[in-house]
Amino acid sequence: MASKSGGKSKTREKPQGKPKAGAPGQLSKSDYLEQLAPLHLELNAMAHWLQHQGQRLVVVVEGRDTAGKGGVISAISETLNPRQCHTVALGKPSDRERGEWYFQRYVPHLPAAGEIALFDRSWYNRAGVETVMGFCTPQQTQAFLKQAPVFEKLLVDDGILLFKYWLTVDQEQQETRFAERLADPLKRWKLSPIDLEARRLYKEYGEARDQMLAATHSRHAPWTLVDFNDQRRGRLALIRNLLARLPDVAVPPTKLRFPPLGHKPLVETFGGKLRPIKLG
């Protein structure tokens, strides 16, 4: 995290390691995990600072299908307290939600003091999939592009720390990832007819993205683009950028007494008929 006094982040760019065999330029899993470990420590320090100061953090992660939104959100949150750090991944709006002010369904998911909200897609659905797929009218798109900067300024003016990331991915890489999802039963749930339609509309999604960035890249809520053709490198780059934009203030952990039990550890027993299942 960046120092309040203007110092540099404790995190240092490390050599990216040897490319994984058979994937030129790709970062190997072992090198990735080695570089991720110290970032997890910094993320926990950042979360402790947020809680201590009562700050609120919102991270918006947007990008094309298969870019790696869920993966980087998992990388950020996997070692954080799930009561403090929440992932927001809303499904399609209900009939009632479609009759609300567009931003209304997102407001209840904003963080309270000391909390983190990671948006796996966000209100920017309107400028992306809804616009390209015809789920909203051109008038609704234009209204969104006009209102989004105002909505975000209200959040920032109220003290919310807001960071917006767009993950970039070339179509060749996107095609490879679509094929992997189709072939892997554990990833098959990630593939929908709308996702497959995105293959045909790659150019149109790019045009909608450019229109969105031009209208919503502001001084109070700028966009940061991150190359996710190599997802592991992309995750590391995004996390480092996030940490570098937050104060590097170490908050001493709460001291806890951990005295000896004073007796031999007890074995858990059950008075009724229920017993734990047998382990294989």
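The structure this text deals with has already been given above.
First, a word on what this report is: a plain description of the structure on this page. No experiment lies behind these values; they were computed from the predicted model shown.

Calculation rules
- Residues numbered from 1 in each chain as written.
- Predicted model: local features only at pLDDT ≥ 70, side-chain atom pairs only at ≥ 80, totals over all residues.
- Heavy atoms only, no water.
- Pairing = 2+ DSSP bridges.
- Helix = DSSP H or I, 4+ residues; strand = E, 2+ residues; numbered from the N terminus.
- Axes fitted to C-alpha atoms, helices over the stretch in contact; angles between N-to-C directions.
- Buried < 20%, exposed > 50% of the residue type's maximum accessible area, 1.4 Å probe, protein only.
- Polar contact = N/O pair within 3.5 Å; in protein donor to acceptor, adjacent residues only side chain to side chain.
- Salt bridge = Lys/Arg side-chain N within 4 Å of Asp/Glu carboxyl O.
- Core = buried A, V, L, I, M, F, W, Y, C linked by side-chain atoms within 4.5 Å.
- Contact = heavy atoms within 4.5 Å.

### Side note on the sheet that holds strand β1 (residues 57-63)
Hydrogen bonds between backbone atoms are what pair the strands of a sheet, whose relative direction is either parallel or antiparallel. The five strands are arranged β2-β3-β1-β4-β5 in an open sheet whose pairing can be described as parallel. Every interior strand has two partners, whereas the edge strands, β2 (85-88) and β5 (223-227), have only one. Taking the axes of each pair of neighbouring strands and ignoring which way they run, one obtains an average angle of 20° across the sheet. Bridge count for β1 against strand β4 (residues 161-168) is seven bridges, and the pairing is parallel. When the sheet's bridge partners are listed, Val-61 is paired in β4 with Tyr-165.

### A short note on the side chain of Ser-218
Inspection of the secondary structure puts Ser-218 in the loop between α8 (202-216) and β5. By relative accessible area, which is 15% here, Ser-218 ends up buried. A polar side-chain atom of Ser-218 sits 3.0 Å from the main-chain amide nitrogen of Ala-221.

### Some points on the pattern of salt bridges
Considering all chains together, one arrives at 13 salt bridges under this definition. A salt bridge links Arg-56 to Asp-158, with the shortest nitrogen-to-oxygen separation between them at 3.1 Å. With Arg-56 in the loop between α1 (29-53) and β1 and Asp-158 in the loop between α5 (138-157) and β4, the pair connects residues that are 102 residues apart, well separated along the chain. With relative accessibility at 18%, the residue Arg-56 sits in the buried group. One salt bridge connects Glu-152 with Lys-164, and the closest N-O pair in it is separated by 2.9 Å. Here Glu-152, found in helix α5, pairs with Lys-164, found in strand β4; they are 12 residues apart in sequence, far enough to count as distant. Among the residues examined, Lys-164 registers a relative accessible area of 0% and is labelled buried. Residues participating in the shared-partner salt-bridge network are Glu-62, Asp-65 and Arg-121.

### Describing the nonpolar core
Core analysis: the largest hydrophobic core is formed by 34 residues, its most contacted members being Ile-116 and Leu-167. If you list the elements that add at least two residues to this core, you get α1, β1, α2 (69-77), β3 (116-120), β4 and α9 (231-244). Not counting the four nearest positions on each side in its chain, Ile-116 is found in contact with Met-46, Ala-47, Leu-50, Leu-57, Leu-80, Gln-84, Cys-85, His-86 and Pro-111. Ranked by size, the runner-up nonpolar core spans 24 residues in total, among them Phe-103, Leu-145, Met-212 and Trp-223.

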